[in-house]
Amino acid sequence: MNLRELVSALNDFASPSLAESWDNVGLLVEPSPPHTVNTLFLTNDLTEEVMEEAVQKKADLVLSYHPPIFTPLKRVTWKTWKERLVVRALENRIGIYSPHTAYDAVPHGVNNWLTKGLGACTSVPLHPSTAPGSPAEGTHRVEFCADAEHLDAVLSKIKGIPEISCLTTLPARVESEEQTRVSLTCSQKALLEVVALLSQNSLLYPKTEILLLQKPLLPHTGMGRLCTLSEPLSLSDIIQRVKAHLQLPHVRVALGAGRTLESPVKKAALCAGSGGSVLKGTEADLYLTGEMSHHDVLDAVANGISVILCEHSNTERGFLSELRDALAIHLQNKINIIVSEKDRDPLQVA
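Being a predicted model, the structure only gives us computed values, none of them experimental.

Caption draft 1: Geometry of the domain arrangement of the chain. For the chain, the assigned domains read domain 1 (3-102), domain 2 (106-129 + 220-315) and domain 3 (140-212). Put simply, the middle of domain 1 and the middle of domain 3, counted by C-alpha atoms, are 48 Å apart.

Here it is, written out as structure tokens:
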């Protein structure tokens, strides 16, 4: 497949618009066009060892779940390992694509895969995603009625305010008087100017309505998951299930206040990777994630919530095999898709 055609298909699989605003997703390194992709190489972390593996396996595009370029690079030299990744990629005509939190959000993504470690359960996003691009412009809608005496002067001033769109006028009847109903969409900054303008008119201001425009929620899409188990299980049983699902010999466990390993778990909140901020404040019997700060763990425990920590990328890496199969179907088996054998969590139990 042509690289740009493949990137378009990957974006269709999980829209980059679903990623968190702080994230750096999409095509990060692009060899000069035209660039044909015969082999797509999947990894959780793109380290130098993994890049050498990609070169040896003649990959044309690396899909790295974590973006190897996150903070801006001021230069591309041989000095730092992330700069060397870019050099090696371009020398060997290998593109780099990263989905990261877009894959966290989608219904067929990392977090839904992680829920399978709990067994039979239903789940909903902890922080639902909103539909991208709707509404297209502006954060607020302002509506007011004006009579013919004031209409032209007010409209003239409003049209001079930046960041206003969808300005419309319709005939209206207010208290048996013929008036014009004005509707406009504006940004938060423009809203302050519109309100200031209307407040100067004692007749217009009381007839003003301000609506906050909210984007509709996307079903089954968003960050984290709150899982309700079909049948309560002991924490001990949950630990064994999670270890089997993630193929780990050990996990770290903190018992909630008043809880034991035999305490029942009915509701579990989870988040792949670093879940402290996503899980915080959620009412559940258990938090499952890769890593949390010491103080977030203390807060959970004090609230009677047990915590299972598996190390950051251990809660993500196993998804790659499922992703390989899903992408093969999505891409109609047009390219060869392989999963890295060198990719691993940097932390081990010694």
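Caption draft 2: Just the packing of helix α1 (residues 3-13) against helix α11 (residues 319-330), in detail. Between α1 and α11, the least distance of the axes is 11 Å, while the angle of their chain directions is 115 degrees. For α1 against α11, the interelement crossing comes out right-handed. The residues of α11 that touch α1, namely those facing Ala9, Leu10, Asp12 and Phe13, are Leu323, Ala326, Leu327 and His330. Class assignment for the residues of the contact of α1 with α11 results in six nonpolar, one polar and one charged.

Caption draft 3: Examining the sheet that holds strand β1 (residues 26-29) more closely. Across the sheet, which stays open at both edges, the five strands sit in the order β1-β4-β3-β2-β15 with mixed pairing between neighbours. Either end of the sheet is taken by a strand with one partner, and the two such strands are β1 and β15 (336-339). The mean angle between the axes of side-by-side strands here comes to 25 degrees, regardless of whether they run parallel or antiparallel. Bridge count for strand β3 (residues 61-64) against strand β4 (residues 95-98) is three bridges, and the pairing is parallel. The residue of β4 that forms the bridge with valine 62 is isoleucine 96. Taken strand by strand, α11 contacts β2 (39-43), β3 and β15, and its axis lies near 155 degrees from that of β2.

Caption draft 4: Quick look at helix α2 (residues 48-56). Among the residues making up α2, those that are buried are Val50, Met51, Glu53, Ala54 and Val55. Structurally, α2 contributes buried residues whose contacts are with β2, β3, α3 (81-91) and β4. Just downstream of α2, lysine 58 is the residue with a positive phi angle, here 55 degrees.

Caption draft 5: Up close: the pattern of salt bridges. Inspection of the entire model under this criterion finds 17 salt bridges. As a salt-bridge pair, arginine 344 and glutamate 49 come within 3.6 Å of each other at their nearest N and O atoms. Of this pair, arginine 344 sits in the segment after β15 while glutamate 49 is found in helix α2, placing the two residues 295 residues apart along the sequence. Ionic pairing is found between arginine 181 and glutamate 209, a salt bridge with its closest N-O pair at 3.3 Å.

Caption draft 6: Quick look at the UniProt feature "binding site: a divalent metal cation" (unreviewed entry) in the chain. Within this numbering scheme, the UniProt entry marks His66, Asp104, His312 and Glu316 as carrying the feature "binding site: a divalent metal cation" (unreviewed entry). What stands out for the annotated residues spanning 251 residues is how close their C-alpha atoms remain, the widest pair being 13.4 Å apart. Overall, the relative accessible area of 22% leaves histidine 312 in the partly exposed class. Mapped onto the fold, glutamate 316 is located in the loop between β14 (306-309) and α11. The class of glutamate 316 is buried, set by a relative accessible area of 2%. Apart from the residues lying within four places of it in its own chain, the contact partners of glutamate 316 are Asn44, Tyr65, His66, Val110, Trp113, Ala272 and Gly273. For glutamate 316, the side chain forms a polar contact with the side chain of asparagine 44, separated by 3.2 Å.

Cut-offs used in this document
Residues numbered from 1 in each chain as written. Predicted model: local features only at pLDDT ≥ 70, side-chain atom pairs only at ≥ 80, totals over all residues. Heavy atoms only, no water. Domains from an automatic or database assignment. Axes fitted to C-alpha atoms, helices over the stretch in contact; angles between N-to-C directions. Helix = DSSP H or I, 4+ residues; strand = E, 2+ residues; numbered from the N terminus. Left-handed = near helix turned anticlockwise from the far one by under 90°. Contact = heavy atoms within 4.5 Å. Nonpolar A, V, L, I, M, F, W, Y, C, P; charged D, E, K, R; others polar. Pairing = 2+ DSSP bridges. Buried < 20%, exposed > 50% of the residue type's maximum accessible area, 1.4 Å probe, protein only. Salt bridge = Lys/Arg side-chain N within 4 Å of Asp/Glu carboxyl O. UniProt positions renumbered as here; feature names shortened; annotations may be inferred. Polar contact = N/O pair within 3.5 Å; in protein donor to acceptor, adjacent residues only side chain to side chain.

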